[in-house]
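These are the residues of each chain, in order.
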Amino acid sequence: MKRYLMIGCCFFSLQLNAQTQKVTFLKSDQQQKVDVLIAGKSFTSFLYPDSLEKPILYPLKTASGITLTRGFPLNKTGNERTDHPHHVGLWFNYESVNGLDFWNNSYKIPAAKKANYGWIRNVKVTNVKDGNKSGTLVYTANWEKQDKTALLKEQTSFVFSGTVHTRTIDRSTTLTAQKDTVYFKDIKDGMLGIRVTNELELPSDKEVSYTDNNGIVTKVLSAKKGANGNYLTSAGKKGNDAWGTRANWCLLYGKKDGESVSIAIIDHPKNPGYPTYWHARDYGLFAANPLGQAIFSNGKEHMDLTLKPGESVTFKYRIVISSGKEMSSELLDKIAAKIF
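Note that this is a predicted model, so its numbers are computed, not measured.

Undergrad: Mind laying out the overall build of the protein, listing which residues take part and the relevant values?
TA: If you tally the helices and strands in the protein, you get 2 helices and 20 strands. Burial analysis of the protein (340 residues in total) assigns 58% to the buried set. Within the protein, residue pairs in contact and separated by at least 24 positions form 62% of the contacts whose partners lie at least 6 positions apart. If you sum the accessible surface of the protein, you get close to 14400 Å²; carbon and sulfur atoms cover 48% of it.

Right, here's the structure in full:
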């Protein structure tokens, strides 16, 4: 079965041979952020303030300047959903690490219940390097209990690049267990997540409720006006059928401000659980979860990753953002074949 979106051969060739643009950074230790500029234009910012329970990239913009991530809770707008306040920009964490919930932690969790949640903090930006073809940002962080005992040491590198139509993030994250054995329970919410703008949500007239690992219920109302997004996976799954299925990559595409836009996440062949399961919701959560296999396979598969003290695991992903033209499955297959 052929899988493709409307696309011209010229754009296909252009993307494989497109000239890359200069990447520069503006670092502010006081504001705890690093701005990422491509061809002198804002692409995203790496944010790690003490007020956030995890470091994030926020917002994500196309080469033409269109924002593809939801603003809430950092920048509220009138037509966006306000559910799941822990869905902010692009992030990486997990719902159950030694029983602590790193995924659902946010400012909305009452202080009396915070002990059940983990926190990714003590972020140190160790390297920032501009480049004519790409730019690199490296940081370290601790995955901690509320008493600041570190379960995991994280080292993450971002390589940012861009062309006239695209923006690309190559993310490599290594997690190393510290004094205790670390157990990632096979569970639904994880690991690499993006919360997208209203326009990239899938049209829906349903209202649903979701319950997290700590029994907290979140209601999600029907889609607001303007939602026109759709999913496509490398296995040919479309729309809501993408959720809970395995694939090498997943593409979320639609139109915003009259322009074709898309976000693709590409899994790395050496990642645990490859090809990943897609935790891709119609309300705007776009996530890859390689460790939560039981729920997606109806109990036929299990992961339960365990790291002994000193042991490490690495996760690598490529995120490709396009604008002005529609991304094809053939192009994504080629990018995936040459990844990293």
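Undergrad: Can you lay out the pattern of salt bridges for me, pointing to particular residues and giving the numbers?
TA: This model, assessed by the stated rule, comprises 10 salt bridges. A salt bridge links E201 to R81; the shortest N-O distance between them is 3.0 Å. On the criterion of sequence distance, the pair formed by E201 in the loop between β11 (190-195) and β12 (208-211) and R81 in the loop between β4 (56-57) and β5 (90-94) is long-range, its members being 120 residues apart. Like R81, E201 is buried. Where E301 meets R246, a salt bridge forms, and the shortest distance between an N and an O atom there is 2.7 Å. In this pair, E301 is assigned in the loop between β18 (285-289) and β19 (305-307) and R246 in the loop between β14 (230-233) and β15 (249-256), connecting sequence segments 55 residues apart.

Undergrad: Now, about the nonpolar core: what can you tell me, with residues and values included?
TA: Of all hydrophobic cores here, the largest spans 61 residues; its most connected members are F46, L152, F160, F184 and I319. Per-element tally for this core: the top contributor is strand β20 (residues 312-323), with 5 residues. Those residues in contact with F160, other than ones at most four positions away along the chain, are V23, F25, V36, F43, T44, L57, S134, G135, L137, T168 and I169. With 13 residues, the next largest nonpolar core counts L251, Y253, L331 and I339 among its residues.

Undergrad: Talk me through unusual backbone geometry; I want residue IDs and the actual numbers.
TA: Negative phi is the rule for most residues except glycine; trans is the rule for most peptide bonds. Going from Y58 to P59, the amide bond is cis rather than trans, its omega being -15 degrees. In this fold, P59 is placed in the loop between β4 and β5. At the junction of F72 and P73, the peptide bond is cis and its omega measures out at 5 degrees in the coordinates. Here P73 shows up in the loop between β4 and β5. For A39, which is not glycine, the phi dihedral falls at a positive 55 degrees. Despite not being glycine, D257 has its phi angle at roughly 55 degrees, a positive value. As for its position among the elements, D257 is in the loop between β15 and β16 (259-267). Overall, D257 belongs to the exposed group, its relative accessible area being 64%.

Undergrad: Account for the side chain of H279, naming residues and giving values.
TA: For H279, the position within the fold is in strand β17 (residues 277-280). Given the relative accessible area of 1%, H279 is considered buried. Only 2.9 Å separates the side chain of H279 from the side chain of W243, close enough to count as a polar contact. Leaving out residues up to four positions away in the same chain, H279 has contacts with K188, D189, G190, W243, L285, F286, A287 and F296.

How each quantity is defined
- Residues numbered from 1 in each chain as written.
- Predicted model: local features only at pLDDT ≥ 70, side-chain atom pairs only at ≥ 80, totals over all residues.
- Heavy atoms only, no water.
- Helix = DSSP H or I, 4+ residues; strand = E, 2+ residues; numbered from the N terminus.
- Buried < 20%, exposed > 50% of the residue type's maximum accessible area, 1.4 Å probe, protein only.
- Contact = heavy atoms within 4.5 Å.
- Areas by Shrake-Rupley, 256 points an atom, 1.4 Å probe, with all protein chains shown as cover.
- Salt bridge = Lys/Arg side-chain N within 4 Å of Asp/Glu carboxyl O.
- Core = buried A, V, L, I, M, F, W, Y, C linked by side-chain atoms within 4.5 Å.
- Polar contact = N/O pair within 3.5 Å; in protein donor to acceptor, adjacent residues only side chain to side chain.

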